[in-house]
Amino acid sequence: QVQLVESGGGLVQPGGSLRLSCAASGSIFRAYVMAWYRQAPGKQRDLVATITSGGSTNYEDSVKGRFTVSRDNAKNTVYLQMNSLKPEDTAVYYCNARPYGSAVNYWGQGTQVTVSS
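On a predicted model such as this, the values are computed, not experimentally measured, just so you know. (Residues numbered from 1 in each chain as written. Predicted model: local features only at pLDDT ≥ 70, side-chain atom pairs only at ≥ 80, totals over all residues. Heavy atoms only, no water.)

**Brief notes about the pattern of salt bridges**
Right, on to step 1. A full pass over the atoms with the stated rule returns four salt bridges.
Right, on to step 2. Between D61 and K64 there is a salt bridge, with the nearest N and O atoms lying 3.0 Å from each other.
Right, on to step 3. Since its relative accessible area comes to 59%, D61 is described here as exposed.
Right, on to step 4. For K64, a relative accessible area of 49% translates into the label partly exposed.
Right, on to step 5. Note that D89 and R66 form a salt bridge whose closest N and O atoms lie 2.7 Å from each other. Of this pair, D89 sits in the loop between strand 8 (77-82) and strand 9 (91-99) while R66 sits in the loop between strand 6 (57-59) and strand 7 (67-72), placing them 23 residues apart in sequence.
Right, on to step 6. In this structure D89 comes out as buried when scored by relative accessible area, which is 1%. (Salt bridge = Lys/Arg side-chain N within 4 Å of Asp/Glu carboxyl O. Buried < 20%, exposed > 50% of the residue type's maximum accessible area, 1.4 Å probe, protein only. Helix = DSSP H or I, 4+ residues; strand = E, 2+ residues; numbered from the N terminus.)

Okay, here's the thing in structure tokens:
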């Protein structure tokens, strides 16, 4: 089992940047595919980006070219660098961990990102 703690959210103006961090503990970090999801008010939780232990990444179309997911396996941490932020990026962002070959998902508590002038 893994515990996840997100940080780095906040209020930013359109066009600005934020970097989210997710620190994992309690298990072997390399054994997990890591991902970021987001949930806007009144909407479902959607996948934003994923990264494997080897560093392969995938992104939701609306964030391609603006967001970058990375991970530091030595620090048990995954990051989401968000640039050129738009009001529609406003949401609670959740860190997710899924063991390879498993359907089990672990979630962090979420961090609020608000993009507004």
